[in-house]
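One letter stands for each residue in the lines below.
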Amino acid sequence: MKVRFNVNGEAVEVEARTDEMLLDVLRREVALTSVRQTCGVGVCGTCTTLVDGEPFSTCIMLAPLAEGKKITTVEGLGGNHPVQDAFVEAMAFQCGYCTPGMILMVKSLLEEDPEPTEEKIRQYMGGNLCRCGCYAKIEDAVNLAASASKVAPSKGGA
Amino acid sequence: MTDMRVTGAVRYSQDVEMKGMLYAHLLRSPVAHARVLRVDVSAVPEGAVVLLPENVRDLGRYGPQIKDQEALPQERVRYSGDVVAAVAAETAEEAEEAVGLIDVEYEELPAVFEEVEAASEGAPLVHTTINISKNDAAYFGIRPQQGTNTCHLFRLRHGDVEVGFEEADVVVEETYHTAGATHAPMEPHAAVARWDGHQLEVTTGTQTPFNMRMDLAGLFGIEEEKVRIISPPMGGSFGAKTFVRTEAIAACLARKAERPVKVVLGRDEMWMTLNRHPATVRVKVGARSDGTLVASETECWANTGAYADCGPGVAQKMGFAAPGPYRIANVRVDSRAVYTNLPPNGAFRGYGQMQSTWARERTMDLLADKLEMDPLELRIKNLLKDGDNYCTGETMHDVHFERLLQGAVDAVGWSESRKNKGLCVMLKGMQTPSRAAIAVEAEDDGTYTVRCATTEMGQGAKMAMCMMAAELLSVDVEKVSCPDPDTDVVPYDTRTTSSRSTHMMGRALKVAIADLEENGERGYGEVVDEGGLDPDTGQGVASSHWHQGAAAAEVEVDEETGRFRVVKLHAPIYAGRVINRPAAELQNEGSMIMGLGIALFESNEFAEGQITNANLSDYNVPAMDDMPAALSHELVEREGGEVQGLGETALPPVPPAIGNALYSRGIHVTELPISAERVLDAVYARDGSGDAWAKASSEPISADGRNAHAGESILASGPTREPTPGNGTHSPSDQGLPGRVKPLLPSPSALLLLGTLGAGLLAIVLYRLLYRRVEAKKKSPSVPQALRR
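None of the values given here were measured: they were computed from a predicted structure.

Analysis parameters
Residues numbered from 1 in each chain as written. Chains lettered and ligands numbered in written order. Predicted model: local features only at pLDDT ≥ 70, side-chain atom pairs only at ≥ 80, totals over all residues. Helix = DSSP H or I, 4+ residues; strand = E, 2+ residues; numbered from the N terminus. Rg over C-alpha atoms; globule rule 2.2 N^0.38 Å. Buried ≥ 20, exposed ≤ 12 C-beta atoms within 10 Å, placed from the backbone. Domains from an automatic or database assignment. Contact = placed C-beta atoms within 7 Å. Nonpolar A, V, L, I, M, F, W, Y, C, P; charged D, E, K, R; others polar. Pairing = 2+ DSSP bridges.

**Looking at the overall build of chain A**
Then, number 1: Across its full length, chain A carries 5 helices and 5 strands.
Then, number 2: From first element to last, N terminus to C terminus, chain A shows the α and β order β-β-α-β-β-β-α-α-α-α.
Then, number 3: Taken over C-alpha atoms, the radius of gyration comes to 15 Å for chain A, in line with the 15 Å a tight globule of 158 residues would show.
Then, number 4: Expressed along its principal axes, the backbone C-alpha trace of chain A runs to roughly 45 × 30 × 25 Å.
Then, number 5: Counting only residues that meet the buried cut, chain A has 62% of its 158 residues in that class.

Shown next, in the form of structure tokens:
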């Protein structure tokens, strides 16, 4: 079937099976390889994308449900979004595989709560796994991004 | 340009696409040990390429240390998950569907899963003969015990332990068990293979490009130069992506299909491919009444699963570092890699050190207790110092154990109070002997290209190479690049394992740059570390340089439920000289967090050899909200110190530090992971309350009545692991705290209902406790009578 949605500011129409997950469609049809599969059951956060601004695990979201939605992946953040800059400054990654999902989750967190406490950060980010164990530095990145956003409000990406 | 990791632009091997490429799916055995009587592929649609055992009958065997693997098993399958056949098709879905249409008939054979049992006489044999591999990963004396499941027996003999134990005033002995765990790299195993005539090219995220080349060349009976391995960055590895995993099958399918073939494993298949060795370790230590260690005896059984992989190497390292960083006059170690019908177990961050360190460092605390000594004082009294000889006979240099241990205890306030606190100190070998080579090319535009086989798995090796080269060349780091390893281009290197690359390659780089400065265009450098141990006496040079680490932990324990929390964790390690500080910190933090998962909840669960928790919902890895409130570490440097590998050092000390913190309250847990149930059992054992479950059943039912899965009750993040039903949303904003017992309002109208529910719950709890007891009995390692001295 045809599914139409907006991804990173661009309207697309893609071919998808009714039983396919959005993750597979974004990778195959839109070549967005920052969206990556790890667990396949919606518990690790690696495949997180923003759907109408809300973080979704695309490995368990049926592609047809994206119809008419606005989807954001890290490709849509431009490379110098305050959260991306904060991740680079804090060196909040090792292999980089989970990083796109982490960044989108942090973006969502800071939009919800621009000054999150340590407890809030750990709870909110608790669904995004990083097997390299970069959590301490990811927490630093959240705090850096939070203070950067206070100085210059987020450009917001897509 | 910003870092490719934040823009999502990194391309891993799973992202590689080639023209005309087919996608593979593997058919795996559901049973642990069986003869395959029939494979019926008549229902598979035409067009799909099916690889059957008969298609690979003419091929050789492979394996990095023991030549025990075939492209597809010919005679019998040896574990649940062993690959029976494979299909390549135009899409991954078509391949998967085709696999579902294959019918296989098995004749089940007796199987063995537990390592001590498998090593005993009369156990079903997993392999009838054991042949040592010619791969250069079989670099040490391997001692297979033909006619048994022991594919390697490593022995260390120093002094005379019998005499030593006679001299001892105090002797303690205990047997420990550590569960199998999985690496769980975020990126699964993925490989693309293609043939050009008789030339094979494989693109695969691997830590061992040259070992891979050797094994694949041997399998197909072609020259090594006819095989090209390209290794893109890995989305994590931790030892998983070593040696041949999916590459042999990808290459066989590509050969049959005459098209490129890609294999990407499903998450559940990761558990069926390679895990960490479950192990049983028995430790006996004797000391004089003043605390001087006089004898140490260790016996290790490393459960290597159905194929040896590098199990012999793991058993060797588990063995030679088992006595620990202490001066002991009489030492004996027997360490075995044992075949069982579990999925293969191989390299895992820490490489055997975690298992034997857990056993020894827990025993050191038992000894301190018996001697009525401070565990810190006991260790310091016996620690190796510069110039001392280790039990292998080698002289120790650049020794910092006391400094590390002191740093660890200071961080938890040891001198104020020892309650709830535990510590650990350990040493870990680096692969010896070992050879590294590197080339540096000066480009016309004033930039430099570093060519080496060191692979990138997130540890920052490439950046470290570029930084070291830039420093030696006195240029900006931006002027230096280090492309992905390609065996057609880079000089030979042993492999990117055992935290050796920055140390070995860094030295080779110095030689290469000196060479470059002489001839102007291309510099080549090579270093060789000699050494090695006699496998029958354990004498020689175990490690050309030793990784040194320590840890201290502080816990909070609820003795009513067994639930505990790690509130403080500190790990100092010796770093020599740090090249890239944030990257070095990440290695330490990552090792500690992985160690925390292993200590608290990571455990592969099997039923009749079949993995039962092969997903990241049932198998928990640490999340951000599992971090202790205070997690810290130290990179101890020394003026003029050598660059040290530090990718693993902070992992093995973590579980024993936590175990010993519990032991400060008399809670003696011998098995990893330290689940709440094990803590509770240890509390009952300490209090001499005999039948644990009888007492438990009299406890209020608010005791965690959920399943006995290790550590579940410790996790504060249960809710975030549950997929949100319905729309697949991942929003945590609506997270409550399900999975916790919530207080019920004492509404009068609900009293009757509550009574009924309460009785029901009580019945369930009683049933569960009884069931758990049976389960626990089944799980406890069966140590043969001979061991219970």
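**As for the domain arrangement of chain A**
Residues and elements named next belong to chain A.
Then, number 1: In terms of domains, chain A is made up of domain 1 (2–76) and domain 2 (78–151).
Then, number 2: Contacts between the two partners involve 12 residues from domain 1, matched on the other side by 11 residues from domain 2.
Then, number 3: Of the residues forming the side of domain 1 that touches domain 2, the biggest block, 3 residues, is contributed by strand 3 (residues 48–51).
Then, number 4: Taken together, the residues that form the side of domain 1 that touches domain 2 break down as 5 nonpolar, 6 polar and 1 charged.

**Re the sheet that holds strand 2 (residues 34–40) of chain B**
Residue and element names in this part refer to chain B.
Then, number 1: If you walk across this open sheet you meet the 3 strands as 4-2-6, and the pairing is antiparallel. For this open sheet the edge positions go to strand 4 (76–77) and strand 6 (103–108), each flanked by a neighbour on one side alone.
Then, number 2: Strand direction decides the pairing type here: strand 2 and strand 6, joined by 6 bridges, are antiparallel. Paired with Arg35 across the bridge in strand 6 is Glu107.

**Considering the interface of chain B and chain A**
Then, number 1: On the side of chain A, 53 residues touch chain B, which itself brings 48 residues to the contact.
Then, number 2: Every element with two or more residues in the side of chain B that touches chain A is listed here: helix 1 (4–7), helix 14 (581–600) and helix 18 (718–721) of chain B.
Then, number 3: Broken down by element, the side of chain B that touches chain A gets its largest block of residues, 6 residues, from helix 14 of chain B.
Then, number 4: Residues belonging to the side of chain B that touches chain A are distributed by class as follows: 21 nonpolar, 18 polar and 9 charged.

**Re the domain arrangement of chain B**
Residues and elements named next belong to chain B.
Then, number 1: Partitioning chain B into structural domains gives domain 1 (4–109 + 189–264) and domain 2 (434–529).
Then, number 2: Using C-alpha coordinates to define each centre, domain 1 is positioned 31 Å away from domain 2.
Then, number 3: If you list the elements that add at least two residues to the side of domain 1 that touches domain 2, you get helix 5 (209–220) and strand 11 (227–230).
Then, number 4: The biggest single contributor to the side of domain 1 that touches domain 2 is helix 5, with 4 residues.
Then, number 5: Split by residue class, the side of domain 1 that touches domain 2 holds 7 nonpolar, 8 polar and 2 charged.

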